[in-house]
Amino acid sequence: MNVTDKSSSLPLGNFVEAVRSSCRSLVNKSSKVKVSKEGIDQFLNKLDKVQYQELAYDSTIRLPIKFDSMEEELNFVSLIDLLNFGSGYRLELHELADRGAFDTIRYGVMAMHIGGIPMDAKTWSEIDIFKVSEIFQFPIDKEVRHETLDFVTLTEPTALKPLAVGIASVLNTTGDYLLAHGYKDLAEFILDHAKKQPQDATYLTESLVKAFPGLHDHYTFQDDTVYLFKKAQILVYHIWFTLRDQVPDLFDFKDINELTVFADNVIPTMLAHLGILEISKEWQEMIESNQDLTEEVATTLRAASVVACDEIVKASNGLTTTGGLDVYLWRLGKVGDYRKVPRFQLKDTVMF
């Protein structure tokens, strides 16, 4: 799960529109997944508007933490979303750490903040998997008894060791870039770019993706490149959500509703469960048996969620936005029996 720099295949034009157009192109070519207009109509007709308004408010990023400055809060929120991945290890994290993926990341960033660990470029550049294990509180090694020699134990990696490698790799590459370009942390980078083009979510998304390999969320299949940029977009959305009132001249993004949904594994799962995405029996069986999907299958499902949610927003007559719909679906997936719906998984990624 090391980070790969894929900057050579980034879009030439508008990054957010590249997400939309490339996702639609991929879904149109796929015989395995389809967006159901009837499913969308039924979803909107049955939508509990009170519940929607409640769940579309992203309380998961508003934490009971005191910050000494706006910059400190900006850095904190941005770090959570930079590391907002690990969904493929959900079952293993619940077993070995008693937390899901997002809660594990949020816990680790909170531990850094409360424990006084500097959340800066130098710290990130130097961090290793053992420090990651300590901060994020999940085991990367375990002792096992020797097969033939009594009283002898051996050390073996746990199933979570690759996740620690991924977290360390994202932090290392981010820290290296920031140090090389004279920024002390993510907040300084974001403020510098937001001042160049204020209130512009698309520009800030593009700036983040261009800079950091840990945000290079795009894939090439049969010479077609598909862009998703999930973490970069949710990072920008969370900046808007948490800081637009404090710093409206920079972060009250006028184009916030131009962002796509933040395609992970939960959104496609919920859309399929709600009858909005129709998935082939073969793929459904892979998901239900907790098989690790291929990168192409996972990408196609994520792309389908982008297309489907755009269609929902268009059909909703102003009731929903892409950001609000994303948060609603993600949080709905944590409610009651929806928690039991099998989610697709892809372990070898640092993008979701």
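Every chain is numbered on its own, with residues counted from 1 as its sequence reads. Two thresholds apply to this predicted model, a pLDDT of at least 70 for residue-level local features and 80 or more for giving and counting side-chain atom pairs, whereas whole-chain, interface and lining totals are computed over all residues. Here the side-chain values reflect all heavy atoms present in the structure, with hydrogen atoms and water set aside.

- Per an unreviewed UniProt entry, the chain carries the name Queuosine 5'-phosphate N-glycosylase/hydrolase and comes from Rhizopus delemar.
- UniProt positions are given in the numbering used here, feature names are shortened, and annotations may be inferred rather than shown by experiment. Looking at the chain in UniProt, the text filed under Function (unreviewed entry) is "Catalyzes the hydrolysis of queuosine 5'-phosphate, releasing the nucleobase queuine (q). Is required for salvage of queuine from exogenous queuosine (Q) that is imported and then converted to queuosine 5'-phosphate intracellularly."
- Its UniProt record gives the chain the following Catalytic activity (unreviewed entry) comment, quoted word for word: "queuosine 5'-phosphate + H2O = queuine + D-ribose 5-phosphate".

Brief notes about the overall build of the chain
Working step 1: Assigned secondary structure in the chain consists of 17 helices and six strands.
Working step 2: When we talk radius of gyration, it's over C-alpha atoms, and the globule rule is simply 2.2 Å times the number of residues to the 0.38. Against the compact-globule benchmark of 20 Å for 352 residues, the chain has a radius of gyration of 20 Å, which places it among compact chains.
Working step 3: C-alpha extents for the chain along the principal axes are approximately 65 × 50 × 45 Å.
Working step 4: Split into buried and exposed, the 352 residues of the chain put 57% on the buried side.
Working step 5: The contact definition used throughout considers only heavy atoms, calling two residues in contact when any of these lie within 4.5 Å. A sequence separation of at least 24 residues applies to 76% of the contacts in the chain between residues at least 6 apart.
Working step 6: Using the Shrake-Rupley algorithm and a 1.4 Å probe, accessible areas are obtained, with residue cover drawn only from the displayed protein chains. In the form shown here, the chain has an accessible surface area of approximately 15600 Å², with 49% of it arising from carbon and sulfur atoms. Numbered from the N terminus, helices here are DSSP runs of H or I no shorter than four residues, and strands are runs of E no shorter than two. Type-normalised accessible area, obtained with a 1.4 Å probe on protein chains alone, sets the label of each residue: buried when under 20%, exposed when over 50%, and partly exposed for intermediate values.

Describing the packing of aromatic side chains
Working step 1: Put simply, two rings from Phe, Tyr or Trp (the six-membered ring, in Trp's case) pair if the centres are within 6.5 Å, and we call them stacked under 30 degrees between planes, edge-to-face over 60, tilted for the rest. For the structure shown, the criterion picks out 16 aromatic pairs.
Working step 2: Where Phe344 meets Phe352, the ring centres are 5.9 Å apart and the plane angle is 65°; that geometry is what we call edge-to-face. Residue Phe344 shares its accessibility class with Phe352, and that shared class is buried.
Working step 3: Each residue in the set Tyr57, Tyr237, Trp240, Phe241 and Phe262 is aromatic and connected to the rest through ring pairs, giving one cluster.

A closer look at the pattern of salt bridges
Working step 1: Take a side-chain nitrogen of Lys or Arg and a carboxyl oxygen of Asp or Glu: if they are within 4 Å of each other, that pair is a salt bridge. Applying the stated rule across the entire model yields 18 salt bridges.
Working step 2: Here Asp141 ties to Lys161 by a salt bridge, and the two come within 3.2 Å at their closest N and O atoms. With a gap of 20 residues between them, Asp141 in strand β2 (residues 141-145) and Lys161 in helix α9 (residues 161-180) connect regions that are remote in the sequence.
Working step 3: Relative accessible area serves as the criterion here: at 29%, Asp141 is assigned to the partly exposed category.

Quick word on the pairing of strand β5 (residues 224-227)
Put simply, side chains in a regular strand alternate between the two faces of the sheet.
Working step 1: Strand pairing requires that DSSP identify at least two bridges connecting the strands. Across four bridges, the pairing between strand β4 (residues 218-221) and β5 is antiparallel. Directly across from Tyr219, in β5, lies its bridge partner Val226.
Working step 2: A loop of two residues connects β4 with β5, the two strands running antiparallel in sequence, and Gln222 in this loop sits at a positive phi of about 45°.

What about the layout of surface pockets?
Working step 1: Roughly 520 Å³ of volume is contained in the largest pocket.
Working step 2: Contributions of two or more residues to the lining of the largest pocket are made by α5 (90-96), α6 (101-115), α12 (230-243) and α17 (322-332).
Working step 3: Gly is put with the polar residues, along with every residue not named as nonpolar or charged; the nonpolar set is Ala, Val, Leu, Ile, Met, Phe, Trp, Tyr, Cys and Pro, and the charged set is Asp, Glu, Lys and Arg. The residue makeup of the lining of the largest pocket, split by class, is nine nonpolar, eight polar and 11 charged.
Working step 4: Points on a 1 Å grid, built from protein atoms alone, make a cavity when a 1.4 Å probe fits but cannot get out and make a pocket when they are open with protein on both sides within 12 Å along at least 5 of 7 lines; residues with an atom within 4 Å of a point are the lining residues. Grid points are joined across faces, edges and corners, and a volume is the space filled by probe spheres set on the points. Of the pockets and cavities examined, the second largest pocket occupies roughly 300 Å³.
Working step 5: Along the wall of the second largest pocket there are 17 residues; nearest its centre are Ala56, Tyr237, Trp240, Thr321 and Gly324.
Working step 6: Elements with a contribution of two residues or more to the lining of the second largest pocket: α3 (49-55) and α12.
Working step 7: Here the lining of the second largest pocket takes three residues from α12, the largest share from any one element.
Working step 8: Across the lining of the second largest pocket, the residue classes break down as eight nonpolar, six polar and three charged.

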